[in-house]
Amino acid sequence: MLVVLSSLIGLLVLGISAGVYIHSSPLLKRGVRTSAVCVSIGQVAHGSMLLLEYTPRDGPARRYAVGPFVFPPVEVGGRMEVVYDPKRPQEVSLPERLPKSTRGLAIAMTVSGAVVAAGVAVALTYRW
């Protein structure tokens, strides 16, 4: 039972860290910072969501929803900095929500992958 539980936790950590890595890596490598204007503020169960509009260098204006915020950092018409991927301008994030590097994510993926592999090896050895 412990092997199954540790394998499931390993898979969960692997999935989450891989997802963050896939989203963050291009933004860290080639991300372009630009100013976005808040065009709308909506209320959700856990606070406020902001709808930000930014214009990539070579394309039309795009919108990005971000939040929830207990206290929105800007009002409608206010500006915030965003980072977008010039190859895929729909990939965007707030700079403070990006990891400083992907090294920690790579380590988390490696360790969780090793835990999953060990769990599978033990399960196959004992034929569970």
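Up top is the structure.
Residues numbered from 1 in each chain as written. Predicted model: local features only at pLDDT ≥ 70, side-chain atom pairs only at ≥ 80, totals over all residues. Heavy atoms only, no water.

**Some points on the nonpolar core**
The tendency in soluble globular proteins is for nonpolar side chains to be buried as a group.
Then, number 1: Ranked by internal contacts, the top residues of the largest apolar core, which has 15 residues, are Leu50, Leu52, Tyr54, Tyr64, Val66, Val82 and Leu94.
Then, number 2: Contributing elements (two or more residues each) for this core: strand S1 (32-44), strand S2 (47-54), strand S3 (62-69) and strand S4 (79-85).
Then, number 3: Excluding residues within four positions of it along the chain, Leu94 makes contact with Leu52, Tyr64, Val66, Phe69, Met80, Glu81 and Val82. (Core = buried A, V, L, I, M, F, W, Y, C linked by side-chain atoms within 4.5 Å. Buried < 20%, exposed > 50% of the residue type's maximum accessible area, 1.4 Å probe, protein only. Helix = DSSP H or I, 4+ residues; strand = E, 2+ residues; numbered from the N terminus. Contact = heavy atoms within 4.5 Å.)

**Details of the pairing of strand S5 (residues 88-93)**
Then, number 1: Across 3 bridges, S4 lies against S5 in antiparallel orientation. When the sheet's bridge partners are listed, Val83 is paired in S5 with Ser93.
Then, number 2: Where S4 folds back onto S5 in an antiparallel hairpin, the turn is made up of 2 residues. (Pairing = 2+ DSSP bridges.)

**A word on the side chain of Asp85**
Then, number 1: Residue position: Asp85 is located in strand S4.
Then, number 2: Polar side-chain contacts of Asp85 include one of 3.0 Å to the backbone nitrogen of Lys87.
Then, number 3: Non-local contacts of Asp85, meaning those with residues more than four positions away in its chain, are made with Pro26, Leu27, Arg30 and Glu91. (Polar contact = N/O pair within 3.5 Å; in protein donor to acceptor, adjacent residues only side chain to side chain.)

**Quick notes on the environment of Phe69**
Then, number 1: Take Phe69: it is sitting in strand S3.
Then, number 2: In this structure, the C-alpha to C-alpha distance between Phe69 and Ser48, residues 21 residues apart in sequence, is 5.1 Å.
Then, number 3: Not counting residues within four places of it along the chain, the set of residues in contact with Phe69 comprises Gly47, Ser48, Leu50, Leu94 and Arg97.

**Some words on the pattern of salt bridges**
Then, number 1: Following the criterion strictly, the structure yields 4 salt bridges and no others.
Then, number 2: With a closest N to O distance of 2.9 Å, Glu53 and Arg63 form a salt bridge. Taken together, the residues span a long stretch of sequence, with Glu53 in strand S2 and Arg63 in strand S3 at a distance of 10 residues.
Then, number 3: According to the relative accessible area criterion, Arg63 is exposed, its value standing at 53%. (Salt bridge = Lys/Arg side-chain N within 4 Å of Asp/Glu carboxyl O.)

**Examining the environment of Tyr126**
Then, number 1: Note that Tyr126 resides in helix H2 (residues 103-126).
Then, number 2: Considering only alpha carbons, one finds Tyr126 and Ser35, 91 residues apart in sequence, at a separation of 57 Å.

**Observations concerning the sheet that holds S3**
Then, number 1: Spatially, S3-S2-S1-S4-S5 is the arrangement adopted by the 5 strands of the open sheet, whose pairing is antiparallel. The two strands at the open ends of the sheet, each matched to only one other strand, are S3 and S5. Each adjacent strand pair in this sheet contributes to an overall mean axis angle of 45°, direction not counted. (Axes fitted to C-alpha atoms, helices over the stretch in contact; angles between N-to-C directions.)

**Overview of a nonpolar patch on the surface**
Then, number 1: Together, Val4, Leu8 and Leu11 give the surface a local cluster of nonpolar side chains, amounting to about 270 Å² of exposed area.
Then, number 2: Structurally, Leu8 can be placed in helix H1 (residues 2-30).
Then, number 3: Relative accessible area serves as the criterion here: at 52%, Leu8 is assigned to the exposed category. (Patch = residues over 30% accessible without salt bridge, like charges linked within 9 Å, V, L, I, M, F, W, Y side chains within 5 Å. Areas by Shrake-Rupley, 256 points an atom, 1.4 Å probe, with all protein chains shown as cover.)

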